[in-house]
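Structural characterization, general
The chain contents come next:
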Amino acid sequence: MRLLLTGSAGFIGSHLAASLLTSGAQVIGVDNYLSGQPAHTEALKRHPGFTFFEADVSQGLPLVAGPLDWVLHFASPASPPHYQQFPVETLMVGAQGTQHALNLARRQGARFLLASTSEVYGDPLVHPQPETYWGHVNPNGLRSCYDEAKRYAEAITMAYHRAHGLDTRIVRIFNTYGPHMRADDGRVVTNFIHQALAGEALTVQGDGQQTRSFQYVSDLIRGVRRLMDVTYHGPVNLGGTDAITMQRFAEVVRAAINPGLPIRFVPLAADDPRQRQPDITLARTLLGWAPEVSLDEGLKRTIASFRQQASPAGPLPAA
Ligand code: NAD
Ligand code: UDP
């Protein structure tokens with residue numbers, strides 16, 4: 001098994017690479033460090049099956065000699081502060097980056113997987129969200145650079161499948177967390193953990209009644225790997241099933257680290273989805289998949305890893 005993985009220096013990409021390398025695959029990682037971390041590349045390079053190209057996949061992919069079985073396209077900023085800081089780059093990696101990755105898969109006769117997102121549902125009006133729901137997206141708001149890029153990425157992936165017979169997969173990933181997220185990532189999980197570890201107030205945005213459904217990264221990796229092994233070309237949701245409000249989530253993180261800390265309410269970001277929760281019926285039936293790591297257990301592991309993050313080049317945990 002030989003595969004190319006874009007976004008290998010990112011949070012999910014580094015876990016996926018570690019998992020595939022552990023199974024004996026040859027992994028060619030590509031990343032331009034827009035939101036990733038060189039320390040992940042350094043850790044992966046300790047494995048003899050890993051090679052790395054620093055490149056912007058929106059400009060093109062490196063010329064890879066020899067056959068490829070899979071092309072896995074995970075490159076894209078995913079944290080709202082990151083993609084809002086780089087809106088054009090985010091649109092480009094979803095558009096041109098996806099097309100370059102599709103072309104590579106087509107040239108090499110490889111199976112292709114797109115890392116899509118629950119953001120394609122926007123601020124959903126249907127709960128929980130099944131794959132058949134078309135979403136409720138602001139096409140030009142602050143989050144549109146990400147949402148619309150991924151919607152386009154799904155559309156071009158399906159077009160390559162229909163027009164060129166490319167063997168494609170689409171995973172719609174819901175909020176995922178775990179070790180190896182960037183400390184300054186800006187997402188709620190990292191913010192709350194770092195605030196609590198620093199003895200600061202936890203910043204809950206808006207009234208804190210908006211919900212998310214968190215999944216631990218090893219559950220996601222297991223689902224992605226199963227999806228590669230079945231023949232199904234439509235999008236598949238992978239996410240945690242238990243919705244939790246952000247106020248409650250702050251209380252849970254605080255209780256795990258420092259119960260005496262205050263919670264501070266701050267303004268809500270524009271277009272913030274009010275409720276998000278996947279319908280995972282398809283993943284259950286198609287993949288026999290369901291999340292296994294509870295929020296308490298996943299948070300425990302994540303907090304432990306963040307406590308050690310003073311040494312960022314620490315060993316990559318296999319997911
Ligand atoms: P991340 O920011 O940690 O990783 C993304 C990686 O892509 C980074 O290493 C970044 O440097 C790289 N990258 C960005 N643009 C690039 C470009 N033009 N060329 C080469 N590399 C580039 O984010 P993540 O959380 O690991 O997300 C990975 C993928 O999963 C993304 O496609 C994201 O949309 C998707 N996803 C993640 C979540 C989540 O909760 N983490 C949810 C839904 C979807
Ligand atoms: N959020 C929060 N405090 C923070 C960061 C985020 O209350 O410090 C909220 C945010 O308003 C959103 C939710 O947490 O409702 C999840 O935000 P995140 O940026 O992690 O990801 P999103 O699901 O919005 O892409």
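Residue positions are given per chain, counted from 1 along the sequence in the order it is written. Just so you know, chain letters begin at A and ligand numbers begin at 1, following the order they were written in. With pLDDT at 70 or above as the cut-off, local features in this predicted model cover only qualifying residues; side-chain atom pairs require 80 or more to be listed or tallied, and sums for whole chains, interfaces and linings still use all residues.

- The protein goes by NAD-dependent epimerase/dehydratase family protein in an unreviewed UniProt entry, where it is assigned to Deinococcus arboris.

**Some remarks on the UniProt feature "domain: NAD-dependent epimerase/dehydratase" (unreviewed entry) in the protein**
- UniProt positions are given in the numbering used here, feature names are shortened, and annotations may be inferred rather than shown by experiment. UniProt records the feature "domain: NAD-dependent epimerase/dehydratase" (unreviewed entry) at residues 4-230, using the numbering of this structure.
- The distance separating the terminal C-alpha atoms of residues 4-230 is 19 Å; by composition the span is 40% helix and 18% strand. Working definition: helices are DSSP H or I runs of at least four residues, strands are E runs of at least two. Numbering for both runs from the N terminus.

**Topic: the site of ligand 1**
- In this analysis, residues qualify as near a molecule or strand once their C-beta atom, positioned from backbone atoms, comes within 6 Å of it. In the neighbourhood of ligand 1, 29 residues make up the surrounding shell, with Gly7, Gly10, Ser35, Gly36 and Ile173 lying closest.
- Mapped onto the shell around ligand 1, the elements with two or more residues apiece are helix 1 (11-22), strand 2 (26-31), helix 4 (87-108) and strand 5 (111-117).
- The element best represented in the shell around ligand 1 is helix 1, accounting for three residues.

**A short note on helix 8 (residues 246-257)**
- To estimate how far a helix should extend, the number of its residues minus one is multiplied by 1.5 Å. End to end, helix 8 covers 16 Å across 12 residues, agreeing with the expected 16 Å (1.5 Å per residue, within 8%).
- Every C-beta atom is placed from the backbone, and the number of other C-beta atoms within 10 Å of a residue's own sets its class: buried at 20 or more, exposed at 12 or fewer, partly exposed in between. Among all positions of helix 8, only Met246, Phe249, Ala250, Val253 and Ile257 are buried. When helix 8 is viewed along its axis, its buried side chains cluster within an angular range of 100° and face the same direction.
- Here the contact rule is simple: place C-beta atoms from the backbone, and any two residues whose C-beta atoms are within 7 Å are in contact. Contacts from the buried residues of helix 8 go to helix 6 (188-197), strand 8 (202-205), strand 12 (244-245), strand 13 (263-266) and helix 10 (295-307). For this quantity, the arc is that covered by the directions from the helix axis to the C-beta atoms.

**Description of the packing of helix 6 against helix 10**
- Lines are fitted to the C-alpha atoms to define the axes, a helix being fitted only along its stretch in contact, and any angle between axes, read from their N-to-C directions, falls within 0 to 180 degrees. Where helix 6 contacts helix 10, the axes come no closer than 11 Å and their chain directions differ by 55°. Comparing the axis directions of helix 6 and helix 10 gives the class oblique. Between helix 6 and helix 10 the crossing geometry is right-handed. Every residue of helix 10 that contacts helix 6 at Ile193, His194 and Leu197 is listed here: Thr302, Ile303, Phe306 and Arg307. Between 65 and 115 degrees an angle is taken as roughly perpendicular, under 35 as roughly parallel, over 145 as roughly antiparallel, and anywhere else as oblique. Crossing handedness is read from the near helix: turned anticlockwise from the far helix by less than a right angle, it gives a left-handed crossing, and turned clockwise, a right-handed one.

**Observations regarding the pairing of strand 1 (residues 2-6)**
- Among the five residues that make up strand 1, four are buried, leaving the element largely enclosed by the rest of the structure.
- By this definition, two strands are paired if DSSP reports at least two bridges between them. Examined bridge by bridge, strand 1 and strand 2 share five bridges and lie parallel to one another. Directly across from Leu4, in strand 2, lies its bridge partner Ile28.
- Looking down the strands as they point away from you, a crossover is right-handed if its path from the first strand over the helix to the second goes clockwise. As for the winding sense of the linkage, the β-α-β connection from strand 1 through helix 1 to strand 2 is right-handed.
- Relative to strand 4 (residues 70-73), strand 1 runs parallel, the two sharing four bridges.

**Thoughts on the environment of Tyr133**
- Among the structural elements, Tyr133 can be located in the loop between strand 5 and helix 5 (144-164).
- In this structure Tyr133 comes out as partly exposed when scored by C-beta crowding, with 17 C-beta atoms within 10 Å.
- The sequence separation of Tyr133 and Gln96 amounts to 37 residues, and the corresponding C-alpha distance is 26 Å.
- When neighbours within four sequence positions are excluded, Tyr133 is seen to be in contact with Tyr121, Pro124 and Val126.

**So, the nonpolar core**
- Buried Ala, Val, Leu, Ile, Met, Phe, Trp, Tyr and Cys residues whose C-beta atoms connect them within 7 Å together make up a nonpolar core. Among the nonpolar cores identified, the biggest contains 77 residues, and Leu3, Leu16, Ala17, Val71, Phe192 and Val253 are the most heavily contacted of them.
- When residues no more than four places from it in sequence are discounted, the contact partners of Phe192 are Leu202, Phe249, Ala250 and Val253.

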